[in-house]
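Notes for the structure review
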Protein chains: 2
Amino acid sequence: MAVEPTADAGAATAELTAVLVAVTGDAPRVLTIQDGQALPSGPFESNHPTLQLGLRAWVERQTHHPLGYVEQLYTFADKDRGHAGARVISICYLGLTRETRASGARDPGWQSWYRYFPWEDWRDGPPALIARAIVPRLRAWARAAPGNATKRARGARIAIDFATGDTAWNEDLVLQRYELLYEAGLVPEARRRGAAAADSALPGTAMLHDHRRILATGMARLRAKIKYRPVVFELMPPAFTLLELQRAVEALAGRRLHKQNFRRLIDQQQLVEETGQMSAATGGRPAQLFRFRPTVLLERAVAGTKLPLSRPA
Amino acid sequence: MAVEPTADAGAATAELTAVLVAVTGDAPRVLTIQDGQALPSGPFESNHPTLQLGLRAWVERQTHHPLGYVEQLYTFADKDRGHAGARVISICYLGLTRETRASGARDPGWQSWYRYFPWEDWRDGPPALIARAIVPRLRAWARAAPGNATKRARGARIAIDFATGDTAWNEDLVLQRYELLYEAGLVPEARRRGAAAADSALPGTAMLHDHRRILATGMARLRAKIKYRPVVFELMPPAFTLLELQRAVEALAGRRLHKQNFRRLIDQQQLVEETGQMSAATGGRPAQLFRFRPTVLLERAVAGTKLPLSRPA
DNA sequence: CTTTAAAATACTCAATTTGAGTATAAAGGA
DNA sequence: TCCTTTATACTCAAATTGAGTATTTTAAAG
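Since this is a predicted model, take the numbers as computed values, not measurements. (Residues numbered from 1 in each chain as written. Chains lettered and ligands numbered in written order. Predicted model: local features only at pLDDT ≥ 70, side-chain atom pairs only at ≥ 80, totals over all residues. Heavy atoms only, no water.)

**Examining the packing of aromatic side chains**
Aromatic ring pairs are described here by two measures, namely the spacing of the ring centres and the angle between the planes. Here the structure, examined in full by the defined rule, presents 18 aromatic pairs over all chains. Centre to centre, the rings of Y74 of chain A and F76 of chain A are 5.1 Å apart; their planes meet at 50°, and the pair counts as tilted. Assessed through its relative accessible area of 24%, Y74 of chain A is described here as partly exposed. Measuring from ring centre to ring centre gives 4.2 Å for W122 of chain B and W169 of chain B, while their planes differ by 20°; the resulting arrangement is stacked. Pair noted here: W122 of chain B is in the loop between β6 (110-112) and α2 (128-143) and W169 of chain B is in the loop between α3 (148-162) and α4 (174-183), with a separation of 47 residues, a long-range link. Classification of W122 of chain B by relative accessible area gives buried; the value is 16%. If you follow R213 of chain A out to its NZ or CZ, it ends over the ring of Y182 of chain A, 4.9 Å from the centre. (Phe/Tyr/Trp six-rings, centres within 6.5 Å; stacked < 30°, edge-to-face > 60°. Buried < 20%, exposed > 50% of the residue type's maximum accessible area, 1.4 Å probe, protein only. Helix = DSSP H or I, 4+ residues; strand = E, 2+ residues; numbered from the N terminus. Lys NZ or Arg CZ within 6 Å of the ring centre and 35° of its normal.)

Encoded structure:
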């Protein structure tokens with residue numbers, strides 16, 4: 001077993017793809033190119049010591065944004081990823097960066113990620129399109145399954161992923177939901193492959209190649225992560241109010257939090273400290289401005305930064 | 001930004017590396033080659049539709065083991081990974097498989113992972129070598145740091161990773177601990193690079209290339225995962241007693257569990273069902289044999305399969 | 001100057017979950 | 001018959017979690 005790679009057995013081309021996330025106000029943003037149809041990606045240049053540094057340099061050169069937290073997402077090397085012939089290995093990263101408002105001009109590259117996944121935003125309750133468009137079509141697909149076992153299995157997946165049964169909505173299942181819709185032929189990307197022909201389109205913008213799947217992977221990872229690691233920090237400006245922090249988390253998670261409990265947790269964990277300054281109130285009583293405690297940066301590998309995502313509803 | 005990859009900008013060679021885990025009795029095993037000095041790896045053959053299928057086929061051909069759960073771990077493409085010249089992209093996977101006892105003959109390829117990380121096994125309390133050998137040397141390294149800020153930062157990392165302060169031992173930090181030892185020059189692998197020269201060796205077998213780091217990554221991932229996903233199942237035989245299940249989890253986590261609470265959780269989550277048969281008792285009162293409920297396989301993407309890893313001590 | 005809306009802030013409370021026990025039953029071997 | 005080993009049944013207190021009420025502070029609208 002195992003072995004020296006022969007000269008060209010594993011020959012391939014490597015490229016980087018990035019899911020760069022920022023939060024502006026209450027919108028979770030992702031950086032796109034080609035009019036919102038693709039994620040930034042490019043060839044992997046081999047003059048960097050590590051992949052991660054290569055990605056950092058590349059992103060910062062392209063976007064002029066400092067990149068806070070970076071994490072590897074997934075590596076795809078599936079056969080028909082568009083390019084025929086030589087296999088392309090695509091190494092995908094998730095990157096978090098501070099609010100983007102460059103200089104007044106809204107950069108069109110930063111899109112709300114709910115543009116691509118409208119069913120993922122439950123901040124104002126269950127999106128109507130789930131009950132109206134998604135579930136009925138998925139049910140039809142389940143009924144059309146070959147055997148009885150398959151029918152049941154599909155039904156169970158629908159119940160779990162879209163909370164139609166007694167289980168509550170689970171915001172982490174972004175990728176599973178996308179894959180379910182893909183298999184059911186409800187997204188246009190599915191048409192290219194062998195899957196069932198795509199029905200009339202569902203709301204939600206498609207992307208080129210498998211970029212929407214990559215975005216789903218990034219969203220799922222980030223949503224899972226904010227529950228036990230203080231990564232939101234990377235998305236916040238140097239000083240912020242607690243409500244702004246809460247709104248940022250809500251934007252990412254796609255659901256509302258209980259304000260009092262959110263604050264209880266935040267100060268139990270001693271993640272922030274007062275700056276002494278107050279915010280230019282945007283309506284009500286002025287709020288204190290906080291900053292992250294410097295030790296958080298070090299401890300970030302550890303503490304259980306659980307966030308009180310509220311339950312069923 | 002972004003772009004068509006040019007002809008040879010991202011040229012590279014791809015190889016697969018696998019961390020294959022099994023549990024026999026109370027030993028967590030990992031499949032190795034070259035007399036326990038390396039993880040199985042080989043060139044990535046491009047005639048498979050997806051990476052994962054490629055890995056599966058490759059592993060099953062090499063080891064004649066059916067592969068249960070497979071998950072991508074990490075992709076390395078760092079410059080000086082041994083081979084000079086062309087960059088090698090190494091895509092690493094974690095794979096779980098059933099108990100290995102092929103036919104009586106103990107396969108020497110399956111090694112206890114604590115052979116490589118003796119400080120990670122806390123099942124019989126804190127390993128003596130931590131207090132005796134590791135912490136003193138790490139402290140010396142911290143004292144030798146250039147600035148005061150660096151000294152403090154190193155001290156904090158030691159406290160968190162090796163539970164010297166008031167925080168409890170966190171079994172998930174396998175990778176962080178390895179990297180700390182690496183930076184401190186306490187593992188022989190560090191000698192090759194720029195890091196401080198390795199001291200007289202610490203207990204724990206080293207591996208070739210960066211395979212020990214990859215193993216650490218796999219261990220960390222698996223330890224984190226068993227807490228919220230029912231992946232242990234992939235490691236168990238078709239029928240097993242609850243104690244055997246508990247021992248398997250303990251083997252992976254490297255710590256003891258509270259028996260009664262473990263069982264409470266197991267049946268709250270309805271993960272198993274009785275087979276009706278009893279085990280050939282190994283000493284005491286015979287135990288019932290259980291099997292996993294078939295639905296678990298489907299739901300495995302979901303349920304919070306929390307395991308009661310016991311606290312501080 | 002009063003009213004109102006938008007927040008911040010301070011508490012309370014019940015239900016669950018968690019960690020850790022004690023007590024008892026069943027089996028086999030010395 | 002005693003002893004060891006394991007299974008199994010309960011109990012209990014502490015901590016955590018989810019959800020609520022009540023009160024205060026400010027800016028802006030009327």
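**A short note on the protein's contact with DNA strand D**
In the vicinity of DNA strand D lie 20 residues, with Q260, N261, R264 and R285 of chain A together with G284 of chain B positioned nearest. K259 of chain B is positioned such that a nitrogen or oxygen atom in its side chain is 3.0 Å from a phosphate oxygen of DNA strand D. Taking Q288 of chain B, its side chain carries an N or O atom lying 3.3 Å from a phosphate oxygen of DNA strand D. Residue assignment for the surface near DNA strand D shows that the elements contributing at least two residues are α8 (259-268) of chain A together with α8 (259-268) of chain B. Looking at the surface near DNA strand D residue by residue, the class counts come to 4 nonpolar, 9 polar and 7 charged. (Near = heavy atom within 4 Å. Polar contact = N/O pair within 3.5 Å; in protein donor to acceptor, adjacent residues only side chain to side chain. Nonpolar A, V, L, I, M, F, W, Y, C, P; charged D, E, K, R; others polar.)

**Thoughts on α8 of chain A**
All names here are of chain A. Those residues of α8 lying buried are F262, L265 and I266. Seen from one end, α8 has its buried residues packed into an arc of 100°, which puts them on one side. Residues of α8 that are exposed and point more than 90 degrees away from the buried face comprise Q260, D267 and Q268. Looking at the buried residues of α8, the elements they touch are α7 (242-253) and β7 (272-278). Backbone geometry just after α8 places Q270 at a positive phi near 50°. (Arc of directions from axis to C-beta. Contact = heavy atoms within 4.5 Å.)

**A short note on the pattern of salt bridges**
According to the stated counting rule, one finds 28 salt bridges over all chains in the structure shown. Of the charged contacts, one joins R247 of chain B and E250 of chain B as a salt bridge, the two residues approaching to 2.7 Å between their closest N and O atoms. Pair noted here: R247 of chain B and E250 of chain B are both in helix α7 (residues 242-253), with a separation of 3 residues, about one helical turn. Overlapping salt bridges bring together E171, D172, K227 and R255 of chain A as one network. (Salt bridge = Lys/Arg side-chain N within 4 Å of Asp/Glu carboxyl O.)

**With respect to the pairing of strand β2 (residues 27-31) of chain B**
All names here are of chain B. Counting buried positions along β2 gives 5 out of 5 residues, so the element sits mostly inside the fold. Because side chains alternate across β2, one face comprises the buried residues A27, R29 and L31, and the other comprises P28 and V30, equally buried. Where β2 lies against β6, 3 bridges are found, and the strand directions are antiparallel. Bridge pairing in β6 links V30 to Q111. (Pairing = 2+ DSSP bridges.)

**Description of helix α2 (residues 128-143) of chain A**
Residue and element names in this part refer to chain A. The terminal C-alpha atoms of α2, which comprises 16 residues, lie 22 Å apart, in line with the 22 Å expected from a rise of 1.5 Å per residue. Along its length, α2 shows its largest kink, about 35°, at I134, and proline P136 lies within four residues downstream of that point. Among the residues of α2, L129, I130, A133, I134, V135, L138, W141 and A142 are the ones counted as buried. At its buried positions, α2 is contacted by α3 (148-162) and α4 (174-183). (Expected span 1.5 Å × (residues − 1). Bend = angle between axes of the 7 residues up to and from the residue.)

**Structural notes on the side chain of E15 of chain A**
Residues and elements named next belong to chain A. Residue position: E15 is located in strand β1 (residues 11-24). Among the residues examined, E15 registers a relative accessible area of 7% and is labelled buried. Engagement of the side chain of E15 in a polar contact is seen with the side chain of S90, the distance being 3.3 Å.

**Quick notes on unusual backbone geometry**
All names here are of chain B. Although it is not a glycine, Q34 sits at a positive phi angle of roughly 50°. Considering the arrangement of structural elements, one finds Q34 in the loop between β2 and β3 (41-43). Positive phi, close to 50°, is recorded for H209, a residue that is not glycine. Topologically, H209 is positioned in the loop between α5 (189-192) and α6 (211-225). Looking at H209, the relative accessible area reads 42%, which means it is partly exposed.

**Structural notes on the environment of G204 of chain B**
Residue and element names in this part refer to chain B. Mapped onto the elements of the fold, G204 is located in the loop between α5 and α6. Given the relative accessible area of 25%, G204 is considered partly exposed. A C-alpha to C-alpha distance of 5.8 Å links G204 and P118, two positions 86 residues apart in sequence. Look past the residues within four positions of G204 in its chain and what remains in contact with it is R115, Y116, P118 and R212.

**Here's the deal with the environment of Q111 of chain A**
All names here are of chain A. Counting through the fold element by element, Q111 comes out in strand β6 (residues 110-112). Residue Q111 is classed as buried on the basis of its relative accessible area, which comes to 17%. Placed 89 residues apart in sequence, Q111 and A22 show a C-alpha to C-alpha distance of 9.7 Å. In this structure, Q111 is in contact with P28, R29, V30, T32, G36 and Y116, ignoring residues within four places of it in sequence. In terms of polar contacts, Q111 uses its side chain to reach the side chain of R115, at 2.9 Å.

**Here we look at the packing of α3 of chain A against α4 of chain A**
All names here are of chain A. It is the contact of α3 with α4, at a shortest axis distance of 10 Å, that shows an interaxial angle of 140°. Classified by the angle between their axes, α3 and α4 sit oblique to one another. Here α3 runs over α4; the crossing is left-handed. Residues R157, I158, D161 and F162 of α3 touch α4, and the partners they reach there are Q176, R177, L180, L181 and E183. Looking at the contact of α3 with α4 residue by residue, the class counts come to 4 nonpolar, 1 polar and 4 charged. (Axes fitted to C-alpha atoms, helices over the stretch in contact; angles between N-to-C directions. Parallel < 35°, antiparallel > 145°, perpendicular 65-115°, else oblique. Left-handed = near helix turned anticlockwise from the far one by under 90°.)

**Points about the packing of α2 of chain B against α4 of chain B**
Residues and elements named next belong to chain B. Across the interface, α2 lies against α4 with an axial gap of 10 Å and an inter-helix angle of 55°. One element, α2, and the other, α4, form an angle in the oblique class. For α2 against α4, the interelement crossing comes out left-handed. Contact residues: α2 offers I134, L138 and W141, while α4 offers L180, L181 and E183. Residue classes in the contact of α2 with α4 are distributed as 5 nonpolar, no polar and 1 charged.

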